[in-house]
Amino acid sequence: MADTVLTSAPRSPLGGAAARLAAATRASAGAVRLAELPFLTQVNVRLDAKGPAADAVGLALDLTLPLEPNTVVRAGESTVLWLGPDEWLLVAPPGRERDLETRIRDAAGDEPVSVTDVSAQRTTLLVAGPRARDVLAHGCPLDLHPRAFGPGRCAQTTLGRTQVVLVARDEPRAGFWVLVRSSFAGHLADWLLDAATEYV
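Residues numbered from 1 in each chain as written. Predicted model: local features only at pLDDT ≥ 70, side-chain atom pairs only at ≥ 80, totals over all residues. Heavy atoms only, no water.

### A short note on the overall build of the protein
Each helix and strand counted, the protein has 5 helices and 10 strands in total. The C-alpha atoms of the protein give 18 Å as radius of gyration, which agrees with the globular expectation for 200 residues (16 Å, within 12%). Counting the 200 residues in the protein, one finds 46% classified as buried. When the accessible area of the protein is evaluated, it comes to approximately 10600 Å², of which 52% is carbon and sulfur surface. One way to put it: in the protein the 20 positive side-chain charges average out to a point 7 Å from where the 23 negative ones average out. (Helix = DSSP H or I, 4+ residues; strand = E, 2+ residues; numbered from the N terminus. Rg over C-alpha atoms; globule rule 2.2 N^0.38 Å. Buried < 20%, exposed > 50% of the residue type's maximum accessible area, 1.4 Å probe, protein only. Areas by Shrake-Rupley, 256 points an atom, 1.4 Å probe, with all protein chains shown as cover. Lys, Arg positive; Asp, Glu negative; His and termini not counted. Charge placed at Lys NZ, Arg CZ, Asp CG, Glu CD.)

### So, helix 2 (residues 52–61)
Along helix 2, the residues classified as buried are Ala53, Ala54, Val57, Gly58 and Leu61. Looking straight down helix 2, one finds that the buried residues subtend no more than 135 degrees of arc, so they occupy a single side. In helix 2, the exposed positions that point more than 90 degrees away from the buried face belong to Pro52, Asp55 and Leu59. Residue Asp62 follows helix 2 closely and has a positive phi angle near 60 degrees. (Arc of directions from axis to C-beta.)

### Observations regarding the sheet that holds strand 1 (residues 33–37)
Working definition: the strands of a sheet are paired by backbone hydrogen bonds and lie parallel or antiparallel to each other. Strand order in the open sheet made by the 5 strands is 1-7-10-9-8, with antiparallel pairing throughout. The open sheet has two edge strands with one neighbour each: strand 1 and strand 8 (153–159). Within the sheet, the average angular offset between the axes of one strand and its neighbour, ignoring direction, is 25 degrees. Summarising the sheet, strand 7 (residues 122–128) and strand 10 (residues 176–181) pair through 6 bridges and their orientation is antiparallel. Opposite Leu125, over in strand 10, you have Val178 as the bridge partner. (Pairing = 2+ DSSP bridges. Axes fitted to C-alpha atoms, helices over the stretch in contact; angles between N-to-C directions.)

### Describing the packing of aromatic side chains
One pass over the structure, following the stated rule, counts 1 aromatic pair. Taking the centre distance of 6.5 Å and the plane angle of 10 degrees together, the rings of Phe149 and Phe176 count as stacked. Taken together, the positions of Phe149 in the loop between helix 4 (132–137) and strand 8 and Phe176 in strand 10 put the pair 27 residues apart, joining distant regions of the chain. In this structure, Arg169 packs its charged tip against the face of Trp177, placed 3.8 Å from the ring centre. (Phe/Tyr/Trp six-rings, centres within 6.5 Å; stacked < 30°, edge-to-face > 60°. Lys NZ or Arg CZ within 6 Å of the ring centre and 35° of its normal.)

### Focus on the pattern of salt bridges
For the structure shown, the criterion picks out 8 salt bridges. The salt bridge involving Asp99 is made with Arg103; its shortest N-O contact spans 3.3 Å. Placement of the pair is Asp99 and Arg103 together in helix 3 (residues 97–108), with a separation of 4 residues, close to one helical turn. When its relative accessible area of 37% is taken as the criterion, Asp99 is described as partly exposed. The salt bridge involving Asp134 is made with Arg131; its shortest N-O contact spans 2.5 Å. Salt bridges linked by common partners bring Arg96, Asp99 and Arg103 together as one network. (Salt bridge = Lys/Arg side-chain N within 4 Å of Asp/Glu carboxyl O.)

Don't take any of this as a statement about function, it's just geometry.
Following this line, the structure appears as structure tokens:
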């Protein structure tokens, strides 16, 4: 059997872009904040939203799975994004994958549930600051006005011609998470840096 233990530290897909993102943040004098939030735990969960597993999983995670389309529920350090009528993405601090998978499976018991660790599939970019919506509006087809896409909203959409999951964070001045596939992260970081130059 192959050894699956990591022998070296994980590498972020945007590790080489950290200095450029920080420089753009400084140059904007606070108008735009760009940063990568690497290695967040991301667990995809699929189950019957009206079945007993939904309540049991919610109790195990100490939160309620959001049932309204494109909404977000946050409890403590965990955030759950509605992705579809029977699909959610659980986002948590790094290193929580196995614990969360185990808790979800144990809570579901014999009920049908799919739990998949997708942490390595995507990285997360933070876009914050007073001009964050303006930067994102350059390349996102959604109406990003706070009345249409305010705190606690999420959507699967495109940004700079790249498929992303966009999350309007609910903490004051927290900005947005942009979850992007690792293979497209460099392209999207370059796009965001170019879009932010207007505010430098």
